[in-house]
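The chain contents come next:
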Amino acid sequence: MNQRVLVLYAHPLHARSQVNAALREAIQTLPGVTLHDLYESYPEFVVDVAREQALLLEHEVVLLQFPLQWYSAPAMIKEWLDAVLEEGWAYGQRGDKLRGKAMMCAVSAGGASDVYGPDGVNRYTVEELLRPFELTARLCGMRYLRPFVTFAARRLDDAVIAVRAREYADMLAQIVSGELPAPFDSRSR
């Protein structure tokens, strides 16, 4: 069964991004994928809740794509989550509109993979840093899928970026075709 994927793209400096721009370009014409640029849609940070909730209802998979900034997501992601995932709609009593859908993150990280983890300077894995998104998905009754992470984003050459973009597009094409990855639980790592 085909899955429709809503990609919520949030890069505050898109014009300066190489990795996220390439990932975005690789998926923007994929059938079954809706690319929604949050900074472009809401430059004043005033989110149209009804519009966003309608988009969520039209898709089976929600993918948050953003650069990891200060161990978290850009401000627009937080604003979107706070405004759109209302109690009684997304969670809580009668809040079942997202139940059974899937959520995942596609993030770029400035550091190399070895700086994330107990022995690295950042002490935590990217999956651990993304736990608030995992918990959000679970609260809303959604399956949380393994994040797609591109490390050392500022130091990758064009050839490596092209490979990552192709891998991203291939992964989304598989999801659209109904091949969802297994649910991910950061506690089982």
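As shown above, the structure is provided for reference.
Calculation notes
- Residues numbered from 1 in each chain as written.
- Predicted model: local features only at pLDDT ≥ 70, side-chain atom pairs only at ≥ 80, totals over all residues.
- Heavy atoms only, no water.
- Axes fitted to C-alpha atoms, helices over the stretch in contact; angles between N-to-C directions.
- Helix = DSSP H or I, 4+ residues; strand = E, 2+ residues; numbered from the N terminus.
- Parallel < 35°, antiparallel > 145°, perpendicular 65-115°, else oblique.
- Left-handed = near helix turned anticlockwise from the far one by under 90°.
- Contact = heavy atoms within 4.5 Å.
- Nonpolar A, V, L, I, M, F, W, Y, C, P; charged D, E, K, R; others polar.
- 1 Å grid on protein atoms, 1.4 Å probe; cavity = no way out; pocket = protein on both sides within 12 Å on 5 of 7 lines; lining within 4 Å.
- Points joined across faces, edges and corners; volume = space filled by probe spheres on them.
- Core = buried A, V, L, I, M, F, W, Y, C linked by side-chain atoms within 4.5 Å.
- Buried < 20%, exposed > 50% of the residue type's maximum accessible area, 1.4 Å probe, protein only.

Trainee: Describe the packing of helix α1 (residues 19-27) against helix α7 (residues 158-176), naming the residues involved and giving the relevant values.
Mentor: Contact geometry of α1 with α7 gives a least axis separation of 8 Å together with a crossing angle of 40 degrees. Classified by the angle their axes make, α1 and α7 are oblique. Considering the relative orientation of α1 and α7, their crossing is right-handed. Residues Val-19, Ala-22, Leu-23, Ala-26 and Ile-27 of α1 form the contact with α7, whose own contacting residues are Ile-161, Arg-164, Ala-165, Tyr-168, Ala-169 and Leu-172. Class assignment of the residues belonging to the contact of α1 with α7 gives a composition of 10 nonpolar, no polar and one charged.

Trainee: Tell me what's going on with the layout of surface pockets, and back it up with residues and numbers.
Mentor: One way to see where empty space is left: roll a probe the size of a water molecule over the atoms. Quantified by volume, the largest pocket comes out at close to 360 Å³. Looking at the largest pocket, it is lined by 15 residues, and the ones nearest its centre are His-11, Arg-16, Ser-17, Pro-67 and Arg-154. Split into classes, the residues belonging to the lining of the largest pocket amount to six nonpolar, seven polar and two charged. In this model, the second largest pocket occupies a volume close to 240 Å³. Considering the residues around the second largest pocket, the lining is formed by 14 residues, among which Lys-78, Leu-81, Asp-82, Pro-132 and Thr-136 are closest to the centre. Breaking the lining of the second largest pocket down by element, the ones donating at least two residues are α4 (75-84) and α6 (131-139). Of the residues assigned to the lining of the second largest pocket, the class counts are 10 nonpolar, two polar and two charged.

Trainee: Explain the nonpolar core to me, and be specific about the residues and the numbers.
Mentor: Ranked by internal contacts, the top residues of the largest apolar core, which has 39 residues, are Phe-66 and Phe-133. Sorting the residues of this core by element identifies β1 (5-9), α2 (38-41), α3 (49-57), β3 (61-67), α4, β4 (102-108), α5 (126-129) and α6 as the ones contributing at least two each. For this core, the element with the most residues is α4, which contributes six residues. With near-sequence residues (within four places) excluded, Phe-66 lies in contact with Ala-10, Asn-20, Ser-72, Ala-73, Pro-74, Ile-77, Cys-105, Ala-106, Val-107, Ser-108, Leu-130 and Phe-133. Counting residues in each nonpolar core, the second largest holds 25 residues, with Ala-22, Ile-27, Met-171 and Leu-172 among its members.

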